[in-house]
Amino acid sequence: MDITPLIWIITIAVTIAFFVYEFFAHVRTPHEPTIAESARWSIFYISLALLFGVGIGVFSGWTFGGEYFAGYLTEKALSIDNLFVFLIVMTGFAVPKIYQQKVLMIGIVIALILRGIFIAVGATLIENFSWIFYLFGALLLVLAYRQAFSNHESNPANGRFMTFVRRHLPVSDEYNGDKLTVVKNGKRFVTPMLLTIIAIGFIDLVFAVDSIPAIYGLTDQAYIVFTANAFALMGLRQLYFLIGGLLERLVYLAQGLAVILGFIGVKLVLHALHVNELPFINGGQGVEWAPEIPIWFSLLFIGLTIAVATAASLIKTRRAPDAVTTPTDTTPTITQKEHS
């Protein structure tokens, strides 16, 4: 896939332009989006992502087009898992709904920047060290195991990282509009809004660790990795408000993602064996019996896994409403004494 520097510049510029438009058109004035508004923009961004994939298939070949769609589906599913954690964070910090758009927007921009850095590092490692596929594969298998048994019950707002932040920053007891800091009695305090953004940023960093190796298990094209991530994050803010209630019903989403991550982990290990250069494995030669899983199978497997996890979740919660995992309102109580 031949991507010139000009194409990279145009792609990044258009991506930035979309987020700038989002901020000034929807986020700058605090409000809670309606279902209709969220639905329109969600459909727009998903349609745009699908059209882009068709464009890659038409102009660069359907092998690359298939890699893009498999990567986009994987990143979109992982992003929806992000939304569930974002929902817990919003509940934990009791963020007013009219200000949640701003928090989400900043969090999504942070996520894109962090993933961009990880993409560049990953591309460099893959180009120079073929053994990195072993590492990525092992990492995804570990993450798949952890994902399978995660329950999202722990509240990041009360985690060790945020406890550390509160100990070192003077925190105001209440929100002051959407301001990040406020001056009281001549002293500047950070507001819970800033704490929420810090928590979201930290979560984005954690999620990037499984997101980027996962998509590099489907394609070695940095351009496809970046665009699939960018499109997965575009419209995520609207999707949050559109399926906020549905998120609580996706009780098998974590298990579905675990299956996907495990599958890609195995795919990466097989690929590492196929292109092996480590001298202590098969004398530094590729392992002939290690198969290369075709992209059409990866795309089919990922799509079916997401569909089955979603359908099973909805059936489970319809039959047993108690299975719905509603985030607990564990708003952290922040007092001046705590920071003195």
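Residues numbered from 1 in each chain as written. Predicted model: local features only at pLDDT ≥ 70, side-chain atom pairs only at ≥ 80, totals over all residues. Heavy atoms only, no water.

(A) Here's a closer look at the overall build of the protein. Along the backbone of the protein there are 12 helices and 2 strands. The linear arrangement of helices and strands in the protein, starting from the amino end, is α-α-α-α-α-α-β-β-α-α-α-α-α-α. A burial count over the protein gives 47% of its 340 residues as buried. Considering only contacts in the protein between residues 6 or more positions apart, those separated by 24 or more positions represent 78%. Surface exposure of the protein reaches about 16,500 Å², of which carbon and sulfur atoms provide 67%. (Helix = DSSP H or I, 4+ residues; strand = E, 2+ residues; numbered from the N terminus. Buried < 20%, exposed > 50% of the residue type's maximum accessible area, 1.4 Å probe, protein only. Contact = heavy atoms within 4.5 Å. Areas by Shrake-Rupley, 256 points an atom, 1.4 Å probe, with all protein chains shown as cover.)

(B) The arrangement of the packing of aromatic side chains in detail. Using the criterion set out here, one finds 20 aromatic pairs in the structure. Taking the centre distance of 5.5 Å and the plane angle of 80° together, the rings of Trp 41 and Phe 44 count as edge-to-face. Here the residue Trp 41 and the residue Phe 44 both occupy positions in helix H2 (residues 35–60), the gap between them amounting to 3 residues, near one helical turn. What makes Phe 44 partly exposed here is its relative accessible area of 35%. Pairing Phe 44 with Tyr 45 gives two aromatic rings, centres 5.2 Å apart and planes at 70°, and the pair type is edge-to-face. One aromatic cluster is present, built from ring pairs that chain together Trp 8, Phe 52, Tyr 68, Phe 69, Tyr 72, Tyr 223, Phe 226 and Phe 231. (Phe/Tyr/Trp six-rings, centres within 6.5 Å; stacked < 30°, edge-to-face > 60°.)

(C) Fine view of the environment of Ser 211. On the secondary structure map, Ser 211 appears in helix H7 (residues 192–216). In this structure the C-alpha to C-alpha distance between Ser 211 and Phe 118, which are 93 residues apart in sequence, comes to 9.4 Å. Once residues within four sequence positions are removed from consideration, Ser 211 is found in contact with Glu 75, Leu 78, Arg 115 and Asn 229. Among the polar contacts made by the side chain of Ser 211, one reaches the side chain of Glu 75 at a distance of 2.3 Å. (Polar contact = N/O pair within 3.5 Å; in protein donor to acceptor, adjacent residues only side chain to side chain.)

(D) Structural view of the nonpolar core. With 86 residues, the main nonpolar core has Tyr 68, Tyr 240 and Ile 264 as its most contacted residues. Aside from chain neighbours lying at most four places away, what touches Tyr 68 is Ala 49, Phe 52, Gly 53, Ile 56, Ile 224, Thr 227, Ala 228 and Phe 231. (Core = buried A, V, L, I, M, F, W, Y, C linked by side-chain atoms within 4.5 Å.)

(E) Local environment of the pattern of salt bridges. A full pass over the atoms with the stated rule returns 2 salt bridges. The salt bridge partner of Glu 22 is Arg 237, with a shortest N-O separation of 2.8 Å. Highlighted residues: Glu 22 in helix H1 (residues 5–27) and Arg 237 in helix H9 (residues 236–242), separated in sequence by 215 residues. Take Glu 22 and Arg 237: they sit in the same class, and that class is buried. (Salt bridge = Lys/Arg side-chain N within 4 Å of Asp/Glu carboxyl O.)

(F) Geometry of the environment of His 274. As for its position among the elements, His 274 is in helix H11 (residues 253–274). A relative accessible area of 37% means that His 274 is categorised as partly exposed. Residues His 274 and Ala 290, spaced 16 residues apart in sequence, show a C-alpha to C-alpha distance of 5.6 Å.

(G) Examining the pairing of strand S2 (residues 187–190) more closely. Bridge analysis of strand S1 (residues 181–184) against S2 gives 4 bridges, and the strand direction is antiparallel. Counted as the bridge partner of Lys 184 is Lys 187 from S2. Between the end of S1 and the start of S2, which pair antiparallel, lie 2 residues, with Asn 185 showing a positive phi angle near 50°. (Pairing = 2+ DSSP bridges.)

(H) Quick look at the side chain of Arg 115. Mapped onto the elements of the fold, Arg 115 is located in helix H4 (residues 97–128). Non-local contacts of Arg 115, meaning those with residues more than four positions away in its chain, are made with Glu 75, Ser 79, Asn 82, Ala 208, Ser 211, Ile 212, Asn 229 and Leu 233.

(I) A look at the confidence of the model for the protein. For the protein, the mean per-residue pLDDT works out to 82, and 90% of the residues sit at or above 70. Here helix H10 (residues 244–247) is the element of the protein with the lowest mean pLDDT, 66, and helix H8 (residues 222–233) is the one with the highest, 92. (pLDDT = per-residue confidence, 0-100.)

(J) Highlighting a nonpolar patch on the surface. Judged by side-chain polarity, Ile 12, Ile 16, Val 20, Phe 23 and Phe 24 come together as a nonpolar surface patch covering roughly 440 Å² of accessible area. Here Val 20 shows up in helix H1. (Patch = residues over 30% accessible without salt bridge, like charges linked within 9 Å, V, L, I, M, F, W, Y side chains within 5 Å.)

(K) The packing of H11 against helix H12 (residues 295–319), seen in detail. Following both chains from N to C, one finds H11 and H12 inclined at 165°, their axes separated by 8 Å at the closest point. As far as their axial angle goes, H12 and H11 are roughly antiparallel. Considering only the axes of H11 and H12, their crossing is right-handed. Only Phe 297, Ser 298, Phe 301, Ile 302, Thr 305, Ile 306, Ala 309 and Ser 313 of H12 make contact with H11, whose side of the interface consists of Leu 253, Gly 256, Val 259, Ile 260, Phe 263 and Lys 267. The residue makeup of the contact of H11 with H12, split by class, is 9 nonpolar, 4 polar and 1 charged. (Axes fitted to C-alpha atoms, helices over the stretch in contact; angles between N-to-C directions. Parallel < 35°, antiparallel > 145°, perpendicular 65-115°, else oblique. Left-handed = near helix turned anticlockwise from the far one by under 90°. Nonpolar A, V, L, I, M, F, W, Y, C, P; charged D, E, K, R; others polar.)

(L) View of the packing of helix H3 (residues 62–92) against H11. Packing of H3 against H11 brings their axes to within 10 Å, and their N-to-C directions diverge by 140°. Considering how the two elements wind past one another, H3 and H11 form a crossing that is left-handed. Facing Thr 74, Ala 77, Leu 78, Ile 80 and Asp 81 of H3, the residues of H11 in contact are Leu 253, Leu 257, Ile 260, Leu 261 and Ile 264. Looking at the contact of H3 with H11, its residues break down into 8 nonpolar, 1 polar and 1 charged.

(M) The environment of Trp 62, seen in detail. Structurally, Trp 62 is set in helix H3. Those residues within four positions of Trp 62 in sequence are excluded, and the remaining contacts are Gly 53, Val 54, Gly 57 and Phe 69.

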